[in-house]
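As a plain string of letters, each chain reads:
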Amino acid sequence: MGFDTDAIHAGEKPDLTGHPSGDVVVPIHLSSTFARRDVDSPTGGFEYSRSGNPTRFALEQKLAAIENARYGLAFSSGLAAETTICLSLLKDGDHVVAFDDLYGGTRRLFTKVFQERFGIEFSFVDARDPENVKEEIRNNTRLVWLESPTNPLVRLCDIEEIAGIAHDASAMVVVDNTFASPYFQQPIRFGADVVVHSTTKYINGHSDSVGGAVVTSDDILYRKLRFHQNAAGAILSPFDSFLVARGIKTLALRMERHEKNAFAIAQFLSGHEKVAAVHYPGLASHPQYALAQRQMTGFSGMLSFELKGRKTHVKKFLRNLHLFALAESLGGVESLIEHPATMTHASVPHAERKKVGVNDSLVRVSVGIENAEDLIADLDQAFGAL
Ligand code: P1T
């Protein structure tokens, strides 16, 4: 089936035999537990809502379908999903190679929790060059952790080539696909073992639910992830599962518009005298434009740019905007803008931020699906008032 058909139908086929109501939308099953006829096995397939819930299960089938994978799991946040991956696959003494440009919260989870408290080692490398990943791989490397495009510099890495390198060393590859969304990129096609999402972003798409997803096609891995999800308990609620499933139904339409608007804004910014650099993989001037065309079917709605001037200019510019809300998060229908150095990436030590290139003049934009001319006019007036 096509992506847009799966997005609507997967996990939600009306059951006219078992379900007299014939719901075309999966109901929100609030029951925390499920009765059984005998002690030996759950009668309806569910026993307790942490372990499995019909609304969440419907969403999980949808998540798997849109990533072209076999299994999906829905979590209470993107970071809960990441935590469960680490719990499932790593132990004391293991080593992980990670892209150095990552969401600040992911880096904080790796360094402040898994490294400091649980003895797992992390090396952060510029994965734009697969050789940098190869050089860092050690005997105890169990995982290679990637984002593509990255948060906030919108950098890419060659998933297929890095998966080859990792698999040669018997390491697994996790790709955080939050920025691209499964509509524009399906990392499992390129050899990723696990895909993770903050569903808070494009997948839900309406900035009204915090959630996460893990997707895989590997049976053994799925069983481990499911075990740890149930053991640690970081599940998505039935109501949020309903919201996310509803969001997915319009993902294809939304992503087309996010991309169209982002391209228009990237072009506007590229020609602006107050802008020093624009990071958007859909621009032919992006250093990884060729990789973007090969690996992605579109360029999404995320971009960042560097404003000429100092931090005071950036602050003034952000304050001058009317349509763009100054807020963390991304991927919703409304446009958001933020300053990574003081907001989403404030938890990354200054020296590390500098090394990666997240400087004080960097502004990140999540382009919404409003009228592009209105968005450009808002940016234009904010530049004009500088
Ligand atoms: O916020 P949460 O649902 O826990 O997801 C964490 C996360 C994971 N991966 C990526 C690529 C992310 O961007 C995020 C969350 N990011 C933001 C809140 C942000 O503004 O960048």
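So, how was this worked out
Residues numbered from 1 in each chain as written. Predicted model: local features only at pLDDT ≥ 70, side-chain atom pairs only at ≥ 80, totals over all residues. Heavy atoms only, no water. Helix = DSSP H or I, 4+ residues; strand = E, 2+ residues; numbered from the N terminus. Expected span 1.5 Å × (residues − 1). Buried < 20%, exposed > 50% of the residue type's maximum accessible area, 1.4 Å probe, protein only. Pairing = 2+ DSSP bridges. Axes fitted to C-alpha atoms, helices over the stretch in contact; angles between N-to-C directions. Contact = heavy atoms within 4.5 Å. Near = heavy atom within 4 Å. Polar contact = N/O pair within 3.5 Å; in protein donor to acceptor, adjacent residues only side chain to side chain. Areas by Shrake-Rupley, 256 points an atom, 1.4 Å probe, with all protein chains shown as cover. Nonpolar A, V, L, I, M, F, W, Y, C, P; charged D, E, K, R; others polar. Left-handed = near helix turned anticlockwise from the far one by under 90°. 1 Å grid on protein atoms, 1.4 Å probe; cavity = no way out; pocket = protein on both sides within 12 Å on 5 of 7 lines; lining within 4 Å. Points joined across faces, edges and corners; volume = space filled by probe spheres on them. Domains from an automatic or database assignment. Salt bridge = Lys/Arg side-chain N within 4 Å of Asp/Glu carboxyl O. Buried area = accessible area lost by both parts, 1.4 Å probe.

Some remarks on helix 2 (residues 54-66)
Phase 1: When the terminal C-alpha atoms of helix 2 are compared, their 19 Å separation across 13 residues agrees well with the 18 Å that a helix rising 1.5 Å per residue should span.
Phase 2: For helix 2, the tally of buried residues reaches 10 of 13 residues, placing the bulk of the element in the interior.
Phase 3: Among the residues making up helix 2, those that are buried are Pro 54, Thr 55, Arg 56, Ala 58, Leu 59, Glu 60, Lys 62, Leu 63, Ala 64 and Ile 66.
Phase 4: Downstream of helix 2 by one or two residues, Asn 68 has phi in the positive range, about 60°.

Considering the sheet that holds strand 6 (residues 194-198)
Phase 1: Pairing is mixed across the open sheet formed by 7 strands, whose spatial order is 1-7-6-5-4-2-3. Because the sheet does not close on itself, it has two edges, and the strands there are strand 1 (71-75) and strand 3 (121-125). Each strand of the sheet is rotated relative to its neighbour by a mean of 20°, with strand direction disregarded.
Phase 2: As judged from the 5 bridges shared by strand 2 (residues 95-99) and strand 3, these two strands associate in the parallel manner. Bridged to Val 97 within strand 3 is Ser 123.
Phase 3: Contacts from helix 2 reach strand 1 and strand 7 (212-216) within the one sheet, and its direction differs from that of strand 1 by about 125°.
Phase 4: Helix 6 (residues 159-168) rests against strand 4 (141-147) and strand 5 (172-176) of the sheet, and its axis sits at about 150° to strand 5.

Quick notes on the site of the ligand
Phase 1: The full set close to the ligand counts 18 residues, and Asp 176, Ser 198, Thr 200, Ser 329 and Arg 364 are the nearest of them.
Phase 2: In this structure, Asp 176 approaches the ligand through a side-chain N or O atom, which is 2.6 Å from a nitrogen atom.
Phase 3: Within the side chain of Thr 200, one N or O atom sits 2.7 Å away from an oxygen atom of the ligand.
Phase 4: Contact with the protein chains removes 92% of the 480 Å² of surface that the ligand exposes when unbound.
Phase 5: A per-class count over the shell around the ligand returns 3 nonpolar, 9 polar and 6 charged.

A word on the packing of helix 3 (residues 78-89) against helix 8 (residues 219-232)
Phase 1: Packing of helix 3 against helix 8 leaves a shortest axis separation of 9 Å and a crossing angle of 115°. Seen along the crossing, helix 3 lies across helix 8 with a hand that is right-handed. On helix 8, the residues touching Thr 84, Ile 85, Leu 87, Ser 88 and Leu 89 of helix 3 are Leu 221, Lys 224, Leu 225, His 228, Gln 229 and Ala 232.
Phase 2: Its residues assigned to classes, the contact of helix 3 with helix 8 shows 6 nonpolar, 4 polar and 1 charged.

What to know about empty space enclosed by the protein
Phase 1: Evaluation of the coordinates by the stated rule reveals 1 cavity of 30 Å³ or more.
Phase 2: Residue lining of the largest cavity: Asp 100, Asp 101, Leu 102, Arg 107, Asn 151, Pro 152, His 345, Val 348, Arg 353, Val 356 and Val 358, and that is the complete set.
Phase 3: Residues belonging to the lining of the largest cavity are distributed by class as follows: 5 nonpolar, 2 polar and 4 charged.
Phase 4: Each of domain 1 (3-248) and domain 2 (252-384) gives at least three residues to the lining of the largest cavity.

Looking at the pattern of salt bridges
As a working rule, side chains carrying opposite charge can pair if their charged atoms are close by.
Phase 1: Taken as a whole and judged by the stated rule, the model has 13 salt bridges.
Phase 2: For the salt bridge of Glu 116 with Lys 112, the shortest nitrogen-to-oxygen distance reads 3.4 Å.
Phase 3: The class for Lys 112 is partly exposed, based on a relative accessible area of 46%.
Phase 4: A single network of salt bridges, built from pairs that share partners, joins Glu 12, Lys 62 and Lys 249.

Brief notes about the domain arrangement of the chain
Phase 1: Taken as a whole, the chain is organised into domain 1 (3-248) and domain 2 (252-384).
Phase 2: The C-alpha-based centres of domain 1 and domain 2 are spaced at 26 Å.
Phase 3: On the side of domain 2, 40 residues touch domain 1, which itself brings 41 residues to the contact.
Phase 4: Between domain 1 and domain 2, the buried area comes to about 3,300 Å², and carbon and sulfur atoms account for 58% of it.
Phase 5: It is Leu 156, Phe 184 and Tyr 202 in domain 1 that bury the most area against domain 2; as a group they hold 25% of the surface buried on that side.

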